[in-house]
Amino acid sequence: KIVTGQPLFGSDIKLPGMLYAVYQRSPVIGGKAISANLDAIKAMPGVKHAFIVPESNGGGSMSGVAIVADSWWLAETARKKLVVKWDDGPTANDSSAGFSKRAVELSKEAPHATARKDGDPEATLKTAAKVVEAAYEYPFLAHAPMEPPNATAVFKDGKLEMWAGTQQPGGVIATIARALTIAPSDITVHLPRMGGSFGRRLYNDYVVEAAVIAKTVGAPVQLRWSREDEMRQEVFRPAGYHFLKAGVDASGAVVAWQNHFV
């Protein structure tokens, strides 16, 4: 059944009267939405709601703008006309180039911790016939599962019912409860199959976003991230920087090796 696509995945869920949502976050991680052309967005075809969602303290929700429409395509089309004023916050000046530069600076300092040390590599490097050095780095990476993040939620009579592919169904209940200020016992989470994860669905930001939007509009809502959202709004795998040094003897055998990892 799995290989022929028969089980329901998160984006297959359909509820009576369901609306579809997109969610626009700041292009800078941690940025907050200050204002947006919400009236213009609400006037677009099929759009039912457009509103700013503030950052949720302890609730796992990032500040952004929600657009809710009769179909995902109409919501996504309206988003293309969205104009938001953002407070980028303290991370606005972060960049890959800046991180690389800082990593080089740190590589010249003494290490803050040593994971493992055998023998005396420093002394051996000084007496090696030849020392070879090289540096390698890998960037922040999106997980890019086949099915981008999505969740479906309905809030009614003070209770939330959720359908979401998540690797943390127990943990997300407490997170939703904090975001919606309701009791964990008033939350039900159903687990459709996940269309891949690679660890991305350990993080429940998209699930909380769906819950907040559903409570705000008072109707069943399916939030779908686009592939572009998934690339921009990720909980990224961390970058890494390796500064390697090795010493060889006259015959070319390795006699010492160091990896300074930043």
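Since the model is a prediction, treat every value here as computed from it, not as a measurement. (Residues numbered from 1 in each chain as written. Predicted model: local features only at pLDDT ≥ 70, side-chain atom pairs only at ≥ 80, totals over all residues. Heavy atoms only, no water.)

*Asks:* Sorry, what's going on with the packing of helix α5 (residues 169–180) against helix α6 (residues 205–217) here?
*Replies:* Working note: a packed helix pair is described by the angle between its axes plus the distance between those axes. For the pair α5 and α6, the least separation of the axes is 10 Å and the interaxial angle reads 40 degrees. Our classification of the angle between α5 and α6 gives oblique. Of the two possible hands of crossing, α5 and α6 adopt the one that is right-handed. Facing α5, whose interface residues are V172, T175, I176, A179 and L180, α6 presents V207, V208, A211, V212 and K215. (Axes fitted to C-alpha atoms, helices over the stretch in contact; angles between N-to-C directions. Helix = DSSP H or I, 4+ residues; strand = E, 2+ residues; numbered from the N terminus. Parallel < 35°, antiparallel > 145°, perpendicular 65-115°, else oblique. Left-handed = near helix turned anticlockwise from the far one by under 90°. Contact = heavy atoms within 4.5 Å.)

*Asks:* Would you explain the sheet that holds strand β4 (residues 64–69) in this entry?
*Replies:* Two modes of strand pairing occur in sheets, parallel and antiparallel, and in both the strands are linked by backbone hydrogen bonds. If you walk across this open sheet you meet the 7 strands as β3-β4-β1-β10-β7-β8-β9, and the pairing is mixed. Each edge of the open sheet carries a strand with a single partner, namely β3 (47–53) and β9 (187–190). The mean angle between the axes of side-by-side strands here comes to 20 degrees, regardless of whether they run parallel or antiparallel. Strands in contact with helix α2 (residues 72–79) are β1 (19–25), β3, β4 and β10 (221–224); relative to β1, the strand with the most contacts, it is inclined by about 30 degrees. (Pairing = 2+ DSSP bridges.)

*Asks:* It is not clear to me how the sheet that holds strand β11 (residues 240–248) should be interpreted in this structure. Could you clarify?
*Replies:* Spatially, β6-β11-β12 is the arrangement adopted by the 3 strands of the open sheet, whose pairing is antiparallel. Looking at strand neighbours, the two that pair on one side only are β6 (130–138) and β12 (254–261), the edges of this open sheet. Taken over all neighbouring pairs, the strand axes of this sheet differ in orientation by 15 degrees on average, direction set aside. Summarising the sheet, β11 and β12 pair through 7 bridges and their orientation is antiparallel.

*Asks:* Sorry, what's going on with the nonpolar core here?
*Replies:* Soluble globular proteins tend to pack their nonpolar side chains together in the buried interior. Counting residues in hydrophobic clusters, the biggest one holds 33 residues, and the most contacted among them are V68, L160, M162, I176, L180 and I213. A total of 9 residues in this core trace back to one element, the largest contributor, which is α6. Apart from residues lying up to four places away in sequence, I176 is in contact with L160, M162, I187, V207, V208 and A211. Membership of the second largest hydrophobic core comes to 15 residues, among which are L38, V65, I67 and A69. (Core = buried A, V, L, I, M, F, W, Y, C linked by side-chain atoms within 4.5 Å. Buried < 20%, exposed > 50% of the residue type's maximum accessible area, 1.4 Å probe, protein only.)

*Asks:* Mind showing me how you'd approach α5 here?
*Replies:* Residues that lie three or four places apart on an α-helix share one face, since the helix turns once every 3.6 residues. In a regular helix each residue adds 1.5 Å, so 12 residues correspond to 16 Å; α5 covers 16 Å between its end C-alpha atoms and thus fits that length. Along α5, the residues that are buried comprise V172, T175, I176, A177 and L180. Of the surrounding secondary structure, the elements contacted by the buried residues of α5 are β7 (150–156), β8 (159–164), β9 and α6. Just downstream of α5, T181 is the residue with a positive phi angle, here 50 degrees. (Expected span 1.5 Å × (residues − 1).)

*Asks:* Looking at this structure, how should I read the layout of surface pockets?
*Replies:* By volume, the largest pocket amounts to about 890 Å³. Around the largest pocket, the lining is made up of 27 residues, and of these P111, Q258, N259, H260 and F261 lie nearest the centre. Going through the elements one at a time, α3 (96–107), α4 (121–127), β6, β11 and β12 are the ones with two or more residues in the lining of the largest pocket. Looking at the lining of the largest pocket, the element that brings in the most residues is β12, giving 5 residues. Of the residues that constitute the lining of the largest pocket, the class distribution is 13 nonpolar, 6 polar and 8 charged. Computed from the structure, the second largest pocket encloses a volume of approximately 390 Å³. Forming the boundary of the second largest pocket are 13 residues, of which I29, D94, F99, F140 and F236 lie nearest the centre. Grouping the constituent residues of the lining of the second largest pocket by class yields 8 nonpolar, 3 polar and 2 charged. (1 Å grid on protein atoms, 1.4 Å probe; cavity = no way out; pocket = protein on both sides within 12 Å on 5 of 7 lines; lining within 4 Å. Points joined across faces, edges and corners; volume = space filled by probe spheres on them. Nonpolar A, V, L, I, M, F, W, Y, C, P; charged D, E, K, R; others polar.)

By themselves these figures say nothing about function.
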